[in-house]
Amino acid sequence: MSDASASQPAKRVVVAAPRGYCAGVDRAVVTVQRALAVYGAPVYVRKQIVHNRHVVETLEQEGAVFVDELSEVPSGSLVIFSAHGVSPAVRAEAVERGLRTIDATCPLVTKVHKQAVRFADKDYDIILVGHTGHEEVEGTQGEAPDHIQVVNGPHEVDQVEVRDPSKVVWISQTTLSVDETMETVRLLRERFPEMIDPPGEDICYATQNRQAAVKKIAPKVDLMIVVGSGNSSNSVRLKEVALEAGAGAAHRVDFASEIDPSWFDGVETVGLTSGASVPEILVREVVERLAELGFDDVEEVRTTTEKISFSLPKNLRADLMAAQGAASAHKRREPAADHTC
Ligand code: SF4
């Protein structure tokens, strides 16, 4: 009797690592959770704290209120600025409206803001490689609107005009495709040979690491699934990078329930990754769904290990410590428990 299963090709899942939460996202999400614990609901958050539907919906259930503009926040309330950062105009508006603020801007975005201010002070023309309309780009551009122009990619390089070609610098959004950005910079340099580079890499470690991991597994997979939301720049880039690196096909999903069984016709190996704003539970649910579809041989391929973490915003830390101090003092004042039965 022949063994039918022996002739079946193995259905494999190759999971990229690193994937999912980066240090900036973790800090921003914990900031909202701790703020809810210390100050109580509602806590207002300007824009989505991070670009992930599941995270935003979960925090909403815990008492966070997401708004698009500060005008929606009642005077005197607490508002948290998202991981993507805000322009000085937004900070000024918060002061004007008497809002209390906690800044959950990722420190790596703040670093780009500081570069923009520094070069604007020296009167450079600053070319910001990034996506028009993305919150991070709006925040960075707002630091020096008279000096910064946004270039969305190689196709826009021809339109760039500068006052003095010997005084040009480029900076970038933190979540871009590394390869496409380098191509944009190469074309910019052809036009402006004296253009200088930013002092450090603007595309952040998390974006780079997730793209490198995807590049490693993409050539070996028939289909890549990227877990992440449609407004998550780094998640969308992961799908593009997977296709460029040789994946047979690629789909981005917010949730496992969006997986369509028709994607798997003729597929033997599925690659899996997730954007920097995606909690691991969503990846686990995709792994379970793939197992239901017969893909139950799961292997993780890790290209590097990340050890970066950021401390919480300073004013929140101070209030957390004060709250903890008050709670311990209250405990000390409680009468000793009566242990008799
Ligand atoms: Fe910060 Fe990078 Fe994460 Fe954005 S993707 S929050 S820049 S670490």
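Note that the coordinates shown come from a computational prediction; the quantities given were computed from them, not determined experimentally.

Parameters and conventions
Residues numbered from 1 in each chain as written. Predicted model: local features only at pLDDT ≥ 70, side-chain atom pairs only at ≥ 80, totals over all residues. Heavy atoms only, no water. Helix = DSSP H or I, 4+ residues; strand = E, 2+ residues; numbered from the N terminus. Buried < 20%, exposed > 50% of the residue type's maximum accessible area, 1.4 Å probe, protein only. Contact = heavy atoms within 4.5 Å. Areas by Shrake-Rupley, 256 points an atom, 1.4 Å probe, with all protein chains shown as cover. Lys, Arg positive; Asp, Glu negative; His and termini not counted. Charge placed at Lys NZ, Arg CZ, Asp CG, Glu CD. Pairing = 2+ DSSP bridges. Axes fitted to C-alpha atoms, helices over the stretch in contact; angles between N-to-C directions. 1 Å grid on protein atoms, 1.4 Å probe; cavity = no way out; pocket = protein on both sides within 12 Å on 5 of 7 lines; lining within 4 Å. Points joined across faces, edges and corners; volume = space filled by probe spheres on them. Nonpolar A, V, L, I, M, F, W, Y, C, P; charged D, E, K, R; others polar. Near = heavy atom within 4 Å. Sits in = over half its atoms within 2 Å of the grid points. pLDDT = per-residue confidence, 0-100.

## Focus: the overall build of the protein
Then, in step 1: When helices and strands are tallied, the protein shows eleven helices and twelve strands.
Then, in step 2: With respect to the principal axes defined by its C-alpha atoms, the protein has extents near 85 × 80 × 35 Å.
Then, in step 3: Buried positions account for 48% of the 341 residues belonging to the protein.
Then, in step 4: Partitioning the contacts of the protein with sequence separation of at least 6, the portion at a separation of at least 24 is 75%.
Then, in step 5: Total accessible area computed for the protein in this model is approximately 16300 Å², and 50% of it derives from carbon and sulfur atoms.
Then, in step 6: Side chains of the protein give 36 positive and 51 negative charges; the mean places of these two sets differ by 7 Å.

## Quick word on the sheet that holds strand S4 (residues 78-81)
Then, in step 1: Spatially, S3-S2-S4-S5 is the arrangement adopted by the four strands of the open sheet, whose pairing is parallel. If you trace the sheet from one side to the other, it starts and ends with strand S3 (64-67) and strand S5 (100-103), each paired once. Strand-to-strand twist across the sheet, computed as the mean angle between neighbouring axes with direction ignored, equals 30°.
Then, in step 2: By the bridge criterion, four bridges tie strand S2 (residues 43-46) to S3 in an arrangement that is parallel. The residue of S3 that forms the bridge with Arg 46 is Val 67.
Then, in step 3: Contacts between helix H4 (residues 88-96) and the sheet are confined to S2, S4 and S5, with S4 contributing the most and set at about 175° to the helix.

## Considerations on the layout of surface pockets
Then, in step 1: The volume enclosed by the largest pocket comes to roughly 190 Å³.
Then, in step 2: Taken together, 15 residues form the lining of the largest pocket, with Pro 18, Arg 19, Gly 20, Tyr 21 and Glu 306 sitting closest to its centre.
Then, in step 3: For the lining of the largest pocket, a count of residues per class yields eight nonpolar, two polar and five charged.

## Quick notes on the site of the ligand
Then, in step 1: Around the ligand sit Cys 22, Gly 24, Val 25, Cys 106, Leu 108, Thr 174, Thr 175, Cys 204, Tyr 205 and Ala 276, and those are all the residues in its vicinity.
Then, in step 2: Among the detected pockets, the ligand sits in the largest cavity.
Then, in step 3: A class-by-class count of the residues in the shell around the ligand yields seven nonpolar, three polar and no charged.

## Observations concerning the confidence of the model for the protein
Then, in step 1: On average, residues of the protein score 94 in pLDDT, and 95% of them are at 70 or above.
Then, in step 2: Here residues 1-5 is modelled with pLDDT under 50, and outside its nearest four sequence neighbours on either side it reaches zero contacts, counting other chains as well.
Then, in step 3: Here residues 336-341 is modelled with pLDDT under 50, and outside its nearest four sequence neighbours on either side it reaches zero contacts, counting other chains as well.

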